[in-house]
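Structural overview
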Amino acid sequence: MAKPITICAGIDTGKRKLDVALDGSAETLQVENTADGHKALLEWLRRHQVKRVGIEASGGYEQAVVAELRRARMIVVVFQPAQVRAYAEFRGQRAKNDTIDAALIAACTAAVKKIHPAPDARLQPFAEHLTMIDQIGEDVAQLKNRLETCRNARIRAIWQEDVARLAQRKSAELKALVAAIRQHPDLAARLALIHSVSGAGLPTAVGILVRMPEIGTLTREQAAALAGLAPYDDDSGDRVGVRHIDGGRPRLRRALYTAALPASLRWNPQLIALYDRLIAAGKGHKRALIACARKLLIFINTVVARGTPWQDKPPPAAAAVGRSTA
């Protein structure tokens, strides 16, 4: 019996236009990146019996068409630009225009072996809201840097007013985001589990919930890799390089690293012990903090997987069993 063929399409996304190509075919299409254009795209894909569509992330311009395709129950693979560039280098392809890029994305889509389930559509607006909150924090940090070098009293007063205003806005927006998340009982329960881990403050818990929807379904190695906290070997022949972290989701990694400092110095007894042990072994402060951030994420992943809140100490019943079997 012949193996069924999955027809794949690739979409190169622009602000105004979508260029579409079929893998293994010379047929192409260009439509407007609008609701009417998305409708025409769907009709064209169905006419060609396309089952899987690949699209390159493009600063958010791809989000509307991705949502429309997924509503139509199509399998959509969203590629990062670095993935598409690497595939082009692998194929030795140097030519580049919108039509060529669409064909390249179609070939890349056909080459994918594992299709991950589509993310929870409810999280997309939360992710945009959280990014805005992060950006407010970045603006505050920039203003504080200006204050460090500013000697003019009047200008300093203006910067200080802006810092206070933005800090208030950031706090209000975080409260609004948490309230919106808690409108969904399942997301509220998951947020509570994440927040139960000592050292995972509410901003960190929200960041993990929104930026790592896979939490609780991953192995510890997968969780660390997705967050960009997994240490990778750098060896070649007789040379043994220093292990280093790479890749992952930058905003998620930054949130975990920021949380690791107070967690490993004050809030989480297990992380405090880990940090002290690493420092005593000669590891630097930054390497120890990265290890603590990774361990914090592993704790959270385990708590969500088990569905039971974090406990710094084993429950009395478990402790009694331990003493009786000792």
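Everything in this summary refers to the structure shown in the same document.

A separate point is the packing of helix H6 (residues 153–181) against helix H8 (residues 202–211). Here H6 crosses H8 at 50°, and the two axes come no closer than 11 Å. By the criterion of interaxial angle, the relationship of H6 to H8 is oblique. Crossing hand, H6 versus H8: left-handed. For the pair formed by H6 and H8, the contact residues are Leu174, Leu177, Val178 and Ile181 on the first element and Leu202, Pro203, Val206, Leu209 and Val210 on the second. When the residues that make up the contact of H6 with H8 are grouped by side-chain class, the tally is nine nonpolar, no polar and no charged.

Moving on, we get to the packing of aromatic side chains. Scanning the entire structure with this criterion turns up two aromatic pairs. Their ring planes at 40° and their centres at 4.8 Å tell us that Phe299 and Trp310 sit as a pair that is tilted. Here the residue Phe299 occupies a position in helix H12 (residues 285–306), and Trp310 occupies one in the loop between H12 and helix H13 (316–325), the gap between them amounting to 11 residues. Look at Phe299 and you get buried, because its relative accessible area is 13%.

All right, on to H12 then. Over its 22 residues, H12 extends 32 Å from the first C-alpha to the last, a length consistent with the 32 Å expected when each residue adds 1.5 Å. In the segment just after H12, Gly307 is the residue with positive phi, at about 75°.

Packing of helix H5 (residues 123–149) against H8 brings their axes to within 9 Å, and their N-to-C directions diverge by 140°. For the element pair H5 / H8, the angle class is oblique. With respect to the hand of their crossing, H5 and H8 are arranged in left-handed fashion. The segment H5 lies against H8, with Leu123, Phe126, Ala127, Leu130, Thr131 and Asp134 engaging Val206, Gly207, Leu209, Val210 and Arg211. Of the residues in the contact of H5 with H8, the class split is seven nonpolar, two polar and two charged.

So, about the sheet that holds strand E3 (residues 28–32). Strand order in this open sheet of five strands is E3-E2-E1-E4-E5, and the pairing throughout is mixed. Looking along the sheet, the strands with just one partner apiece sit at the ends: E3 and strand E5 (75–79). Between one strand axis and the next, the sheet turns through 20° on average, direction left out of account. Strand direction decides the pairing type here: strand E4 (residues 52–56) and E5, joined by five bridges, are parallel. Its bridge partner lying in E5, Val53 is registered against Val76. In the packing of helix H3 (residues 81–91) onto the sheet, the strands contacted are E4 and E5, and the crossing angle to E5 comes to about 85°.

Along E4, five of the five residues are buried, which leaves the element largely enclosed by surrounding structure. Residues Arg52, Gly54 and Glu56 point to one face of E4 and Val53 and Ile55 to the other, with burial holding for every one of them. A crossover connection joins E4 to the parallel E5 through helix H2 (residues 63–71); in handedness this β-α-β unit is right-handed.

We now examine the pattern of salt bridges. Side-chain pairing between opposite charges can occur once the charged atoms of the two side chains come close. This structure, assessed with the given rule, holds 11 salt bridges. With a closest N to O distance of 2.8 Å, Glu68 and Arg71 form a salt bridge. Of the two residues, Glu68 and Arg71 both sit in helix H2, three residues apart, roughly one turn of that helix. Of the residues examined, Glu68 reaches a relative accessible area of 26% and is grouped as partly exposed. On the basis of relative accessible area, Arg71 is assigned to the exposed category, the value being 60%. Glu214 is paired through a salt bridge with Arg249; the nearest N and O atoms lie 2.8 Å apart. Of this pair, Glu214 sits in the loop between H8 and helix H9 (220–226) while Arg249 sits in the loop between strand E9 (244–245) and helix H10 (250–267); the two residues are 35 residues apart in sequence, bridging distant segments of the chain. The partly exposed category is assigned to Arg249, whose relative accessible area is 26%. One connected set of salt bridges, linked through shared partners, spans Asp134, Glu138, Arg211, Arg251 and Arg254.

About the criteria used
Residues numbered from 1 in each chain as written. Predicted model: local features only at pLDDT ≥ 70, side-chain atom pairs only at ≥ 80, totals over all residues. Heavy atoms only, no water. Axes fitted to C-alpha atoms, helices over the stretch in contact; angles between N-to-C directions. Helix = DSSP H or I, 4+ residues; strand = E, 2+ residues; numbered from the N terminus. Parallel < 35°, antiparallel > 145°, perpendicular 65-115°, else oblique. Left-handed = near helix turned anticlockwise from the far one by under 90°. Contact = heavy atoms within 4.5 Å. Nonpolar A, V, L, I, M, F, W, Y, C, P; charged D, E, K, R; others polar. Phe/Tyr/Trp six-rings, centres within 6.5 Å; stacked < 30°, edge-to-face > 60°. Buried < 20%, exposed > 50% of the residue type's maximum accessible area, 1.4 Å probe, protein only. Expected span 1.5 Å × (residues − 1). Pairing = 2+ DSSP bridges. Right-handed = clockwise from strand over helix to strand, strands pointing away. Salt bridge = Lys/Arg side-chain N within 4 Å of Asp/Glu carboxyl O.

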